[in-house]
Amino acid sequence: MSRIYNFSAGPSTLPKPVLHRAASELVEYGSSGQSVMEMSHRSPEYDEIITKCQSLLRCVMNIPDNYKVLFIQGGASMQFSMVPQNLLSGSGKADYIVSGMFSKKAYDEACRFGKINLVATGKEYNFTRIPDIDPAKYDPEADYLHICENNTVFGTRFTQLPRSSAPLVADLSSCILSEPIDVTKYGLIYAGAQKNMGPAGLCVVIAREDLIGNPQPGLATMLDYNTYAENDSMYNTPPTYAIYIMGMVLRWIEEEMGGLAGMKAYNEKKAGVLYDYLDTTSFYRAVAEPACRSIMNVTFVTGDADRDKAFCLQAQKAGFYNLKGHRSVGGMRASIYNAMPIAGVEKLVAFMKEFEAANK
Ligand SMILES: *Cc1c(COP(=O)(O)O)cnc(C)c1O
């Protein structure tokens, strides 16, 4: 068997030991006589799997007891509408910072449900950095402030959280579990699983209890956070297999990567290998400004669209897949999530050097 180096922005590469374990348990989980995929979500075996996944996440991320952990379907994109419909419960107003494509989508969706204040946007400079924030622009009555902490498409991230008196709601889809965070600084966190946690089909929401009790009137049952909170995410069938895989990914982080502190050190080292090279060559140019570079998604260009195209084609032939940048940025994007081994990044840099030498 030969595995590619998969630099996809998502769904993305998963830890090999997790895949092997899943393979060995695919047909029969433990001595249950069945696959996890076939199990009743109400069975004692599955109850243990989902309970364990939640308690591991609480332990790995150090989530306080007054936060609920919810497993929801519909991807991170469904949170763009669930967040406003559940949290616009006071003034009906919210602050949004638009720092990239996904926060723009979240902003557009929220505008359907309340009075949304655009605090700052990085549109003028095509999101190559996190926009400066003028605190005077915050709405003092906002029910919450929304950000996307790591901008998957542009390769930037907040290195400091914005300070506002409103509860902070953050889309962590492409950076959750990449480093330790202080959950108490957030009112609500959401993240699609398919970047750093597991397969697509699962979205994790971590919500401070006091924020989710008062949704907009008439909200559909399945869009109400309380439905998930009151039923341990089992009001209906949860994405059972994705939760099972996520539990194993958490165990891998805990047991093999040294928890989130170890994960952070590993991720910084990996990103360093790429950025260090990008900073020493004039053949390629990193897109994101140094002060807000993502350690998960590294965007770069050669400055010539045809050469970028040739790069991606040849890279794929050499075993480096999915390096094509998003159409709004062009060039290349190497997504180097938790499960990308450092060897993958080192070999990619070696390939980049060869390509440079051959095309200079
Ligand atoms: C991938 C991604 C999304 C969209 O996730 P879906 O699960 O496809 O809805 C939203 N926000 C960020 C930051 C992402 O990286």
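Residues numbered from 1 in each chain as written. Predicted model: local features only at pLDDT ≥ 70, side-chain atom pairs only at ≥ 80, totals over all residues. Heavy atoms only, no water.

Asks: Help me get a handle on the packing of aromatic side chains, residues and values and all.
Replies: For any pair of aromatic rings, the description rests on two quantities: the centre-to-centre distance and the angle between the ring planes. Applying the stated rule across the entire model yields 18 aromatic pairs. Aromatic pair Y284 and F300: ring centres 5.9 Å apart, planes at 80°, arrangement edge-to-face. Pair noted here: Y284 is in the loop between α7 (259-280) and β11 (285-286) and F300 is in strand β12 (residues 297-301), with a separation of 16 residues, a long-range link. For the pair Y284 and F300, a shared accessibility class is recorded, and that class is buried. (Phe/Tyr/Trp six-rings, centres within 6.5 Å; stacked < 30°, edge-to-face > 60°. Helix = DSSP H or I, 4+ residues; strand = E, 2+ residues; numbered from the N terminus. Buried < 20%, exposed > 50% of the residue type's maximum accessible area, 1.4 Å probe, protein only.)

Asks: Quick rundown of the site of the ligand? Include the residues and the values.
Replies: Lining the immediate environment of the ligand, one finds 13 residues, of which S77, T152, D171, Q194 and K195 sit closest. At 2.6 Å, a side-chain N or O of S77 approaches an oxygen atom of the ligand. Taking Q194, its side chain carries an N or O atom lying 2.9 Å from an oxygen atom of the ligand. When residues in the shell around the ligand are grouped by element, the largest group, four residues, is from helix α3 (residues 75-87). Class assignment for the residues of the shell around the ligand results in four nonpolar, seven polar and two charged. (Near = heavy atom within 4 Å. Polar contact = N/O pair within 3.5 Å; in protein donor to acceptor, adjacent residues only side chain to side chain. Nonpolar A, V, L, I, M, F, W, Y, C, P; charged D, E, K, R; others polar.)

Asks: Account for the sheet that holds strand β5 (residues 145-148), naming residues and giving values.
Replies: In space, the seven strands of this open sheet follow the order β2-β10-β9-β8-β5-β3-β4, with mixed pairing throughout. The outermost strands of the open sheet, each flanked by one partner alone, are β2 (67-72) and β4 (115-121). Strand-to-strand twist in this sheet, taken as the mean axis angle between neighbours without regard to direction, amounts to 15°. Along the sheet, helix α2 (residues 44-61) makes contact with β2 and β10 (203-208), crossing β2 at roughly 130°. (Pairing = 2+ DSSP bridges. Axes fitted to C-alpha atoms, helices over the stretch in contact; angles between N-to-C directions. Contact = heavy atoms within 4.5 Å.)

Asks: Describe the pattern of salt bridges, with residues and values.
Replies: Opposite charge on two side chains permits them to pair, given that their charged atoms come into close proximity. Tallying each qualifying case throughout the model produces 16 salt bridges. Between K185 and D182 there is a salt bridge, and its shortest N-O distance comes to 3.8 Å. Overall, the relative accessible area of 54% leaves K185 in the exposed class. The partly exposed category is assigned to D182, whose relative accessible area is 38%. Where salt bridges share partners, they join R157, E179, K264 and E268 into one cluster. (Salt bridge = Lys/Arg side-chain N within 4 Å of Asp/Glu carboxyl O.)

Asks: Can you tell me about the pairing of strand β3 (residues 93-98), naming the residues and giving the values?
Replies: Among the six residues of β3, six are classified as buried, and the element is accordingly described as predominantly covered. Burial of β3 is two-sided: the residues K93, D95 and I97 facing one way and the residues A94, Y96 and V98 facing the other way are all buried. Judged from the six bridges that link them, β3 and β4 form a sheet pairing that is parallel. Bridge pairing in β4 links D95 to N117. Pairing between β3 and β5: two bridges, direction parallel. The partner of Y96 across the bridge, within β5, is H146.

Asks: So what's going on with the sheet that holds β12? Residues and values would help.
Replies: As summarised here, the arrangement of the three strands in space is β11-β12-β14, forming an open sheet in which the pairing is antiparallel. Among the strands making up the open sheet, the edge pair consists of β11 and β14 (332-335). Where α7 meets the sheet, it contacts β11, β12 and β14, and its direction lies at approximately 20° from that of β12.

Asks: Quick one: what's the story with a nonpolar patch on the surface, residue by residue and with numbers?
Replies: Side chains of L26, V27 and M37 sit close together on the surface and give an oily, nonpolar patch of about 300 Å² of accessible area. As for its position among the elements, L26 is in the loop between α1 (16-25) and α2. For L26, a relative accessible area of 36% puts it in the partly exposed group. (Patch = residues over 30% accessible without salt bridge, like charges linked within 9 Å, V, L, I, M, F, W, Y side chains within 5 Å. Areas by Shrake-Rupley, 256 points an atom, 1.4 Å probe, with all protein chains shown as cover.)

Asks: Requested: an account of a positive patch on the surface, with residues and values cited.
Replies: On the surface, K105, K309, K324 and R327 cluster together into a patch of positive charge. Along the chain, the position of K105 falls in helix α4 (residues 101-110). Residue class for K105 comes out partly exposed when judged on its relative accessible area of 44%. (Lys, Arg positive; Asp, Glu negative; His and termini not counted. Charge placed at Lys NZ, Arg CZ, Asp CG, Glu CD.)

Asks: Describe the side chain of S103, and please don't skip the residues or the numbers.
Replies: The residue S103 is located in helix α4 in this model. Among residues more than four places away in sequence, those in contact with S103 are I97, V98, C148 and N151.

Asks: Provide a residue-level description of the pairing of β12, including the pertinent values.
Replies: For β12, the buried fraction is high: five of the five residues fall into the buried class. As paired strands, β11 and β12 are joined by two bridges and run antiparallel to one another. The partner of R285 across the bridge, within β12, is V301. As paired elements, β12 and β14 share four bridges and run antiparallel to each other. Residue pairing in the sheet places T299 in a bridge with R333 of β14.

Asks: Got a sec to walk through α2? Specific residues and values, please.
Replies: Under the 1.5 Å per step criterion, the end-to-end length of α2 is 26 Å for 18 residues, consistent within 8% with the ideal 26 Å. For α2, the complete set of buried residues consists of Y46, I49, I50, C53, L56, L57, V60 and M61. Considered in projection along α2, the buried side chains sweep an arc of 125° and stay on one side of the axis. Set apart from the buried face of α2 by more than 90 degrees, the exposed residues are P44 and E48. Residues of α2 that are buried sit in contact with β2, β10, α6 (240-256) and α7. Positive phi appears at N62, one or two residues downstream of α2, with a value of about 55°. (Expected span 1.5 Å × (residues − 1). Arc of directions from axis to C-beta.)

Geometry only, nothing functional implied.
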